[in-house]
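Chains, contacts and geometry: an overview
Each chain, letter by letter, is given below.
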Amino acid sequence: RVQVAVPDAGGHTIQLKYDPVVEAVQRELAAAGYYKGEIDGVVGRKTRAAIEAYQQTVGIDVTGVPSQDLAEHIRYTREVSEASL
């Protein structure tokens, strides 16, 4: 993980943590049509909302937490869905 300090509008510094697992989840969610935000590897409001929407739709525990297992689940589900078309 890489931490990046970013100043906000109030002059405060926000720590953003890049995580390759989060990036993988964002990419899979975007490919599946759940995520419309920037693919940046940082968990934010849009990422959590997309994860929760996906989890709710497919009937798995709604946690909003990214993981490698989740990225693989989204990819597999998407590929099966595309193959059935």
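Read on for an overview of the structure. (Residues numbered from 1 in each chain as written. Predicted model: local features only at pLDDT ≥ 70, side-chain atom pairs only at ≥ 80, totals over all residues. Heavy atoms only, no water.)

**Side note on the nonpolar core**
- Counting nine residues, the largest nonpolar core consists of Val25, Leu29, Tyr35, Ala50, Ile51, Tyr54, Leu70, Ala71 and Ile74.
- At the level of elements, helix H1 (20–31), helix H2 (45–58) and helix H3 (68–84) are the ones that each hand at least two residues to this core.
- Setting aside residues up to four positions removed in sequence, Ala71 forms contacts with Ala24, Val25 and Glu28. (Core = buried A, V, L, I, M, F, W, Y, C linked by side-chain atoms within 4.5 Å. Buried < 20%, exposed > 50% of the residue type's maximum accessible area, 1.4 Å probe, protein only. Helix = DSSP H or I, 4+ residues; strand = E, 2+ residues; numbered from the N terminus. Contact = heavy atoms within 4.5 Å.)

**Details of the side chain of Glu23**
- Position of Glu23 among the secondary structure elements: in helix H1.
- According to the relative accessible area criterion, Glu23 is buried, its value standing at 18%.
- Side chain to side chain, Glu23 and Arg27 meet in a polar contact 2.7 Å long.
- Discounting residues that sit within four places of it in the chain, Glu23 has contacts with Tyr18, Ile39 and Gly41. (Polar contact = N/O pair within 3.5 Å; in protein donor to acceptor, adjacent residues only side chain to side chain.)

**Brief notes about the packing of H1 against H3**
- Closest axis-to-axis distance for the H1/H3 pair is 9 Å, and the angle between their directions is 20°. Taken together, the axis directions place H1 and H3 in an arrangement best described as roughly parallel. Two packed elements cross with a definite hand, and for H1 against H3 that hand is left-handed. The residues of H3 that touch H1, namely those facing Val21, Ala24, Val25, Glu28, Leu29 and Ala31, are Gln68, Leu70, Ala71, Ile74, Arg75 and Arg78. (Axes fitted to C-alpha atoms, helices over the stretch in contact; angles between N-to-C directions. Parallel < 35°, antiparallel > 145°, perpendicular 65-115°, else oblique. Left-handed = near helix turned anticlockwise from the far one by under 90°.)

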